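Coordinate analysis (summary)
Letter by letter, the chains look like this.
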Amino acid sequence: EELKRNMAVAFQLDLADSGKTVVSWQGVRRDESLNRRNAKLFERIGPGMYAYRPIVEWTAAQVFEFCGARGLRPNPLY
């Protein structure tokens with residue numbers, strides 16, 4: 001959280017505060033957790049800030065299949 005999300009959010013807020021439009025691409029999937037089950041594909045998350053979640057409807061199996069077909073190996077920490 002401290003090394004990833006918080007730093008990214010602070011950077012994005014600075015951009016939005018300077019008048020830029022920010023679209024945050026997120027690798028969130030609805031089947032990851034109950035908290036994410038209603039995640040939208042695209043939504044406004046604040047003034048000048050939007051979230052885009054291109055794999056929101058995918059399953060974990062689909063993500064691994066997509067990556068495997070392109071020769072991408074999963075992170076060993078996953």
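Above this note sits the structure.
Report follows, based on the coordinates.

**A few points about the packing of aromatic side chains**
- Enumeration according to the criterion identifies four aromatic pairs in this entry.
- Between Phe 42 and Tyr 50, the aromatic rings sit 5.6 Å apart at their centres with planes inclined by 15 degrees, giving stacked as the arrangement.
- Since its relative accessible area comes to 45%, Phe 42 is described here as partly exposed.
- Tyr 50 sits in the partly exposed class, given a relative accessible area of 25%.
- Members of the aromatic cluster, each reached through a chain of ring pairs, are Trp 25, Phe 42, Tyr 50 and Tyr 52.
- Stacked on the ring of Phe 66, the Lys or Arg Arg 70 has its end atom at 3.6 Å from the ring centre.

**Some remarks on the sheet that holds strand S2 (residues 42–46)**
- Taken in spatial order, the three strands of this open sheet run S1-S3-S2, and their pairing is mixed. Strands with a single pairing partner mark the edges of an open sheet, and in this sheet they are strand S1 (22–25) and S2. Averaged over all adjacent pairs, the angle separating strand axes in this sheet is 30 degrees, with direction ignored.
- Sheet topology note: the S1/strand S3 (residues 49–52) ladder contains four bridges and is parallel. Considered in S3, the bridge of Trp 25 is made with Tyr 52.

**Some remarks on the pairing of S2**
- Of the pairings in the sheet, the one linking S2 to S3 comprises four bridges and is antiparallel in character. Across the sheet, residue Phe 42 finds its bridge partner in S3, namely Tyr 52.
- The antiparallel pairing of S2 with S3 creates a hairpin that spans two residues between the two strands, and Gly 48 there sits at a positive phi of about 70 degrees.

**Examining the environment of Ala 39**
- Its place among the elements puts Ala 39 in the loop between S1 and S2.
- C-alpha of Ala 39 to C-alpha of Thr 21: the two residues are 18 residues apart in sequence and 21 Å apart in space.
- Excluding residues that lie within four positions of it along the chain, Ala 39 makes contacts with Val 28, Arg 30, Arg 53 and Val 56.

**Considerations on the environment of Asp 17**
- Residue placement: Asp 17 occurs in helix H1 (residues 5–17).
- Sequence spacing of Asp 17 and Arg 37 is 20 residues, and the spatial spacing of their C-alpha atoms is 30 Å.

**So, the pattern of salt bridges**
- Inspection of the entire model under this criterion finds four salt bridges.
- Here Asp 31 ties to Arg 29 by a salt bridge, and the two come within 2.2 Å at their closest N and O atoms.
- Note on Asp 31: relative accessible area 46%, which makes it partly exposed.
- By relative accessible area, Arg 29 is classed as buried at 8%.
- When the shortest N-O distance is used, the salt bridge between Arg 36 and Glu 32 registers 2.7 Å.
- A relative accessible area of 34% places Arg 36 in the partly exposed class.

Cut-offs applied
Residues numbered from 1 in each chain as written. Predicted model: local features only at pLDDT ≥ 70, side-chain atom pairs only at ≥ 80, totals over all residues. Heavy atoms only, no water. Phe/Tyr/Trp six-rings, centres within 6.5 Å; stacked < 30°, edge-to-face > 60°. Buried < 20%, exposed > 50% of the residue type's maximum accessible area, 1.4 Å probe, protein only. Lys NZ or Arg CZ within 6 Å of the ring centre and 35° of its normal. Pairing = 2+ DSSP bridges. Helix = DSSP H or I, 4+ residues; strand = E, 2+ residues; numbered from the N terminus. Axes fitted to C-alpha atoms, helices over the stretch in contact; angles between N-to-C directions. Contact = heavy atoms within 4.5 Å. Salt bridge = Lys/Arg side-chain N within 4 Å of Asp/Glu carboxyl O.

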